[in-house]
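# Residue-level structural notes
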Amino acid sequence: MVAELAWFPRVSNRYTFCSSQGVTLDHTDAVTQLTEQIIGAAIDVHRHLGPGLLESTYQACLEYELAQRHVPFRAQLTLPNTYRDVFIERGYRIDLLVADCVIVEVKAVQTVTPLYAAQLITYLKLKSCPVGLLLNFNVAVLRHGVTRFTNRAADQHSATEPG
């Protein structure tokens, strides 16, 4: 089954940056179904709280919604980094890692800047996750605050792994 979602267009060959135009997604794909669950949970949070609160409030409520849906996640996950052959344990912090394959970054900002996109793309590369969601709750309608990224390198790697 294939359906249209109004906020997922393709613009790059390595990463799929998604905003508010439209691309066909295969709803049988497990990662796509997972991102739909995450977005649904975020929409429920936004409908209940509205815009204008702190990121930490939205994240705590999103964690609650995911737990209620029995969606596995880890919050505030430390992502180590190596710099000049030195292991740095606290290099980065991921807001949510859902089912070990979707990185969710929660924002509550007036404007989503390219820096937030770069941060999420970096996390996708370092963690080798196929999909990332940037959720900005400081919007009137949450679907305008959803940005989806696909790490093509992770997709190709998982397709070539022996099964």
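Scroll up to find the structure this text is about.
Our subject in this report is the structure included herewith. (Residues numbered from 1 in each chain as written. Predicted model: local features only at pLDDT ≥ 70, side-chain atom pairs only at ≥ 80, totals over all residues. Heavy atoms only, no water.)

### Some words on unusual backbone geometry
- The phi torsion at Gln76 lies on the positive side, around 50°, for a residue other than glycine.
- Locating Gln76 in the fold gives a position in strand E4 (residues 73–83).
- The phi torsion at Asp100 lies on the positive side, around 55°, for a residue other than glycine.
- One can find Asp100 in the loop between strand E5 (86–98) and strand E6 (102–107).
- Exposure remark for Asp100: the relative accessible area of 51% places this residue in the exposed category. (Helix = DSSP H or I, 4+ residues; strand = E, 2+ residues; numbered from the N terminus. Buried < 20%, exposed > 50% of the residue type's maximum accessible area, 1.4 Å probe, protein only.)

### So, the pattern of salt bridges
- One pass over the full model with this rule turns up three salt bridges.
- Two residues, Asp44 and Arg69, come together in a salt bridge whose shortest N-O distance is 2.4 Å. Remark: Arg69 occurs in the loop between helix H2 (55–68) and E4 and Asp44 occurs in helix H1 (residues 30–49); sequence separation between them is 25 residues.
- Classification of Asp44 by relative accessible area gives partly exposed; the value is 31%.
- Measuring nitrogen to oxygen at the nearest pair gives 2.5 Å for the salt bridge that ties Asp100 to Arg74. Separated by 26 residues along the polypeptide, Asp100 in the loop between E5 and E6 and Arg74 in strand E4 bring together distant segments of the chain.
- Overlapping salt bridges, with partners in common, bring together Asp44, Glu65 and Arg69 in one network. (Salt bridge = Lys/Arg side-chain N within 4 Å of Asp/Glu carboxyl O.)

### Remarks on the environment of Asp95
- Mapped onto the elements, Asp95 comes out in strand E5.
- Residues Asp95 and Ala75, spaced 20 residues apart in sequence, show a C-alpha to C-alpha distance of 5.6 Å.
- Beyond its immediate chain neighbours, meaning those up to four positions away, Asp95 contacts Gln59, Arg74, Ala75, Gln76, Val104, Glu105 and Val106.
- Within the structure, Asp95 has its side chain in polar contact with the backbone nitrogen of Val106 (distance 2.7 Å). (Contact = heavy atoms within 4.5 Å. Polar contact = N/O pair within 3.5 Å; in protein donor to acceptor, adjacent residues only side chain to side chain.)

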